[in-house]
Amino acid sequence: MAETLDKVRPIDVGEITAIPMGQGRCYIVGTEEIALFRQRDGRLFAAQNRCPHRSGPLAEGLLGGNHVICPLHAHKFNLDTGKGTEPNECLRVYTVREVEGKILLSPEDVDS
Amino acid sequence: MNSKKQKLVVVGNGMAGARVVEEILRRAPERFDIVMFGAEPYGNYNRILLSNVLNGSQNATDIFMNSLAWYRDNGIRLHAGVKAILIDRERGVVVGVPLQKDAMAYSVDAAAEWGVPEIEEPYDNVIIATGSRPFVPPMEGFGGPGTFVFRTIDDCARIADYARASRRAAVIGGGLLGLEAARGLMTHGVEVTVLEAAPQLMGAQLDSEAGDILRKTIESMGIKVLCNTITTRIVRPNGRITDLEFRDGATLDTDMVVVSAGIRPITETAEASGLKVNRAIVCDDQMRTSDPAIFALGECVEHCGQLYGLVDPIWEQAEVLADVITSTRPDAAYRGSKLGTKLKVMGVELASMGETRPAGPDDEVVVYREPVGGIYKKLIVRNNRIAGAILLGDIEAADTLLQMFRAGVKVPARRADLLFGTPTGVGLLQVSDLPDNAQICNCNGVSKRQVVEAIETGGCQSVSRVGAATKAGTGCGSCKTLVAQLLESCLGEVGFDPGEHYYVPGIALEKSQLVAEIKNRGLKSVSDVFRELAGGNEDAASKVGLASLLKTLWPGEYEDERDARFINDRVHANIQKDGTFSVVPRIYGGVTTPDELMRIAQVAVKYQVRMVKLTGGQRIDLLGIKKENLPGVWKELGMPSGHAYTKAFRTCKSCVGTDFCRYGVGDSIAMSQKIERRFQGVESPHKMKLATAGCPRNCSEAYVKDLGAVAIEGGQWEIYVGGAAGGSVRKGDLLTTVNTDDEVLLYMGRFMQYYREHGKYLERSYGFVERLGIENLRKILVEDSLGICEQLDREIQKAVDAYHDPWKEADLPDHPAQFSGPELAYVLDVAENNG
């Protein structure tokens, strides 16, 4: 029997310094690729890593102003809402916060 | 079900019916509840490909356009095998009867299934797309075993079955469909004779001379052709067909007969419903019938006295109808179609448009014949416009001619250019001449209509606005001049929004203003610039451009923030569509060694490189490398970065020059290696690709490079700037001619520095040279009219001195995560109780 995800306890993804300032990094949480972003103003974001357009790795994208730009074809997404600038393109976004230098990801949206 | 939706009933499930539904769904997916009646018991298929089904090159299942699942997925209810017999306009319902399984779907009195009740569907709107049925000329004995028409998938199966037990087949009709049927029959091993009532084949598309050429070609394939032949009787002494009798008394032995002699519109449902029908169902420019709630399109329609039997007009009608019925463009109008087509008949390519014969003595006829090759080209020009054209055997000119014919544009004075292209290769067409559905942006599939709409109704006045609205020009960018032409023709001028001149979109300053601010305030990092000049608002799309600018402005002092780099520049490799990277090591002048090749091979094997590709820049590309393997790959290659991923000096390719070539007049290899060693890694507004050629034969394409040096007799080098051979093609302009290798390096470096300082971000050298003009550049860079040459030479030397090989970061990464792949953060599937 497989362990199911604890839907209450946040997932400790690791040290915040593991993500270079102003960049993203891809983490595998269960079966999902999740991109975590560390904006220069201190804000953290988490979203699905694969761009809905052609599956580009968003963690490798350019970050700024609460948006990420996909490295493959420059599709752009708001990381607060997941909404893309292209019609009908939307990311799953997750709740994420920093506690004492650790990144904590809320598990309720993560597939298990 | 949403009761607010309007009910739309589509009568007919052929290519026209399905296409108009697709067009409607594209515009207003939620507006209608859609019900379709189709007399054939299938989804919708491409009737044009039926001949391929008959000749066995495609299966019947291959030609379906919309499977039954498509109807389900789009919430369309399809009554397949049900024929709509009446639109009861008083009660607002369409009445259909289920047909027997083996019924001829298109026959007037197709047999209804006994004892099955009629189906009624209420409607707000009806679209009639009943198409047409085969026309059978009057003759005795048609019908019954051995006689066929050629119209549906079921017909194909019936014909193929019967042909297996036959030796000889006759096809009545020498038009397009008849010849296609004959081709299909040939593959079933029967002797085929084509019978045509007119004196020539394909009278609708060809003149008699072209018809004769086609006939000879077809006969050489083993098909017999009889023209001027009208069949009066099918002779069937013992139930099986033995021969045909013709009007002139002659006979022909045959076992079967396929009639493919044209089509007639299916109109009985419209007639029974009281709609106006002449030769076909009469429609106005909005594709409305005489009842405004009922529309029609396709082969069953008569518009301005014209009937159409090709797909292009149907596609145009479908767009107009969908625009009108969804109120997307209520005033959209169908103005009739100019008929032109490209075909392949039995392997013979032909194109035909408009009239096939001159209408009067004032019509100008241009003909080219090549009898042995089976090539025939004919143009009919009236009032300087194409009234008709026939191309047989060589149809390369067809696309341009069709566009000019449809758009009704004036043709060039040299008529030969129309048939053979212009001597200079310059296009014959202006963008304003193109039809509305012509594709402007080939990267993003944007049509002229979409661009024009963005300009006229979307209020876009600049190339960048059009790009933002439609995506045109946002791919490779080479269609931007076409977009500008359209702006000019719609608005009289190409406007600009101030944003177009901002150096980066996130900061409202032009380049010179931005540079002044950066210098005055001493801003040395991208985040400094956002804080000081953009109120702290970081704009992701502006980061890379700013980084490039700062690096040029503060050589050695720039504070490099890696998040302001595009991924390629963070990991010094080029990202590919699957997220892997490509690695191109530097190979100076395209000259490598066995030792290097062995190391490259070993790396490729060890890291399971998916493709090893020789590049256009005379280098070797290793493709499909994972990010986490990049440092290992670089170390084991032991070669410096080729910078094939960044906006910088890329490579200098070369021909073999004087060492081996018997024509070489200058040592192009030594020159190119000097250039490459000096300028490797120098960054610039866009990439720079260079070449040297050992003589003006230009084998290394130096004339079309950003910078090129071409050796000429007398030990001299010509230096060309602003060449291009990518999405745009441009021969470089001669900057100057020099006597020594050192002078080549001097002027090339001077040009590069001036381009680095004054080029716009992402402006290639060809745009830069055109913008400033070669005369002007020559004054500045050769004659030193501004007195800045010494300064430029000093600055480029600094950039050269600052060179370091970025692949050295293999040992000293900028951040521990620089080359890391996805990090395993939480393992979900942990087995708990294995016991």
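Heads up: the structure comes first, above all this text.
A quick note: this is a predicted structure, and the numbers were derived from the prediction, not measured.

For the rest of this paragraph, the subject is the pairing of strand β2 (residues 24-29) of chain A. All names here are of chain A. Across the six residues of β2, five count as buried, placing the element largely inside the fold. Alignment of β2 against strand β3 (residues 32-38), held across six bridges, turns out to be antiparallel. Across the sheet, the residue bridging to Tyr27 is Ile34, located in β3. If you look at the hairpin formed by β2 and β3, you'll find two residues sitting between the two strands, and Gly30 has a positive phi there, around 60°.

Before going further, it helps to examine the interface of chain A and chain B. One widely used convention gives an interface's size as the accessible area the parts lose upon coming together. Contacts between chain A and chain B engage 36 residues on the former and 29 residues on the latter. When residues of the side of chain A that touches chain B are traced back to their parent elements, those giving at least two are β1 (11-15), β2, β5 (62-64) and β6 (67-69) of chain A. For the side of chain A that touches chain B, the element with the most residues is β2(A), which contributes five residues. With three bridges joining them, β2(A) and strand β44 (residues 823-826) of chain B adopt parallel strand pairing. Directly across from Tyr27(A), in β44(B), lies its bridge partner Glu823(B).

All names here are of chain B. Strand order in this open sheet of three strands is β15-β16-β17, and the pairing throughout is antiparallel. Strand pairing shows two members of the sheet lacking a second neighbour, β15 (231-235) and β17 (251-253), which therefore form its edges. Direction aside, neighbouring strands of the sheet carry axes that sit 20° apart on average. Relative to β17, strand β16 (residues 243-246) runs antiparallel, the two being bridged by three bridges.

What follows covers the nonpolar core. In this structure, Leu36(A), Val68(A) and Leu630(B) are the most contacted members of the largest nonpolar core, which totals 73 residues. Take this core: its biggest share by element is five residues, from helix α17 (residues 543-553) of chain B. Aside from chain neighbours lying at most four places away, what touches Leu630(B) is Val571(B), Ala573(B), Phe581(B), Val583(B), Ile625(B) and Phe819(B). Met202(B), Ala351(B), Leu392(B) and Leu402(B) belong to the second largest nonpolar core, which has 64 residues in total.

Let's shift gears to helix α12 (residues 463-470) of chain B. Taken together, the buried positions of α12(B) are Val463(B), Arg465(B), Val466(B), Gly467(B) and Thr470(B). For α12(B), the elements touching its buried residues are β30 (446-447), α11 (448-456) and α13 (480-491) of chain B.

Turning next to the environment of Asn52(B). All names here are of chain B. With respect to the secondary-structure elements, Asn52 resides in helix α2 (residues 50-54). Note: C-alpha distance between Asn52 and Glu180 (128 residues apart in sequence) is 8.6 Å. Apart from residues no more than four positions distant in its own chain, Asn52 is found in contact with Ser57 and Gln58.

All right, on to the sheet that holds strand β7 (residues 76-78) of chain A then. Residue and element names in this part refer to chain A. The sheet built from three strands is open, its strands ordered β5-β6-β7 with antiparallel pairing. The outermost strands of the open sheet, each flanked by one partner alone, are β5 and β7. In this sheet, neighbouring strand axes are inclined to one another by 20° on average, regardless of whether the strands run parallel or antiparallel. Bridging between β6 and β7 involves three bridges; their strand directions are antiparallel. Bridging across to β7, His67 finds its partner in Asn78.

Quick notes on the rules
Residues numbered from 1 in each chain as written. Chains lettered and ligands numbered in written order. Predicted model: local features only at pLDDT ≥ 70, side-chain atom pairs only at ≥ 80, totals over all residues. Buried ≥ 20, exposed ≤ 12 C-beta atoms within 10 Å, placed from the backbone. Helix = DSSP H or I, 4+ residues; strand = E, 2+ residues; numbered from the N terminus. Pairing = 2+ DSSP bridges. Contact = placed C-beta atoms within 7 Å. Axes fitted to C-alpha atoms, helices over the stretch in contact; angles between N-to-C directions. Core = buried A, V, L, I, M, F, W, Y, C linked by C-beta atoms within 7 Å.

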